[in-house]
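Residues per chain are reported as follows:
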Amino acid sequence: LDKNYRARGIKVRPRTRTLTSVHEAILEDVVAPSEIYGKRTRICVDGSKLLKVMLDPKDKDKENVEAKLSTFAAVYKKLTNKEAQFTFPTV
């Protein structure tokens, strides 16, 4: 891009409108009663990606969150078309 790319009408997309940012916000909303403790992306030999999301261990007993883990994965898959696995870290 030239130095005067803004004068030509090319706009820079705001960070909050990028696909990555939108998917991060969806992930936060899906696990709303609990908080995200950590994330890992696992890339398999065939090239597929699996997002492993660790939830906060102190939220394990709250509102029966452990029973909702498969629901979280199904909702995230439906909204973003990405595979995700939700777990609680073993301490």
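Anyway, here's the lowdown on the structure attached to this text. Because the structure is a prediction, the values reported are computed rather than measured.

Some points on the nonpolar core
The biggest cluster of nonpolar side chains holds 14 residues, and the ones touching the most others in it are L55, F72 and F86. Where this core is concerned, the elements lending two or more residues are α1 (19-30), β2 (49-55), α2 (69-80) and β3 (84-87). In terms of residues, this core owes the most to one element, α2, which gives four residues. In contact with F86, not counting residues within four places along its chain, are L27, V31, V53, L55, L69, F72, A73 and Y76.

Side note on the pattern of salt bridges
All chains considered together, the criterion is met by four salt bridges. Among the salt bridges present, the one from D59 reaches K62, with a minimum N-O distance of 3.2 Å. For K77, the salt bridge identified is with E83, shortest N-O distance 3.3 Å. On the basis of relative accessible area, K77 is assigned to the partly exposed category, the value being 31%.

Considerations on the pairing of β2
Counted residue by residue, β2 has five buried out of seven residues, so it is predominantly covered. Of the pairings in the sheet, the one linking strand β1 (residues 36-43) to β2 comprises seven bridges and is antiparallel in character. Residue pairing in the sheet places T41 in a bridge with L51 of β2. In this antiparallel pair of consecutive strands, β1 and β2, the connection spans five residues, and G47 shows a positive phi of 95°. Here four bridges tie β2 to β3, and the two strands are oriented parallel to one another. Across the sheet, residue V53 finds its bridge partner in β3, namely F86. You can see the chain leave β2, run along α2 and come back into β3, and the turn it takes is right-handed.

About the cut-offs
Residues numbered from 1 in each chain as written. Predicted model: local features only at pLDDT ≥ 70, side-chain atom pairs only at ≥ 80, totals over all residues. Heavy atoms only, no water. Core = buried A, V, L, I, M, F, W, Y, C linked by side-chain atoms within 4.5 Å. Buried < 20%, exposed > 50% of the residue type's maximum accessible area, 1.4 Å probe, protein only. Helix = DSSP H or I, 4+ residues; strand = E, 2+ residues; numbered from the N terminus. Contact = heavy atoms within 4.5 Å. Salt bridge = Lys/Arg side-chain N within 4 Å of Asp/Glu carboxyl O. Pairing = 2+ DSSP bridges. Right-handed = clockwise from strand over helix to strand, strands pointing away.

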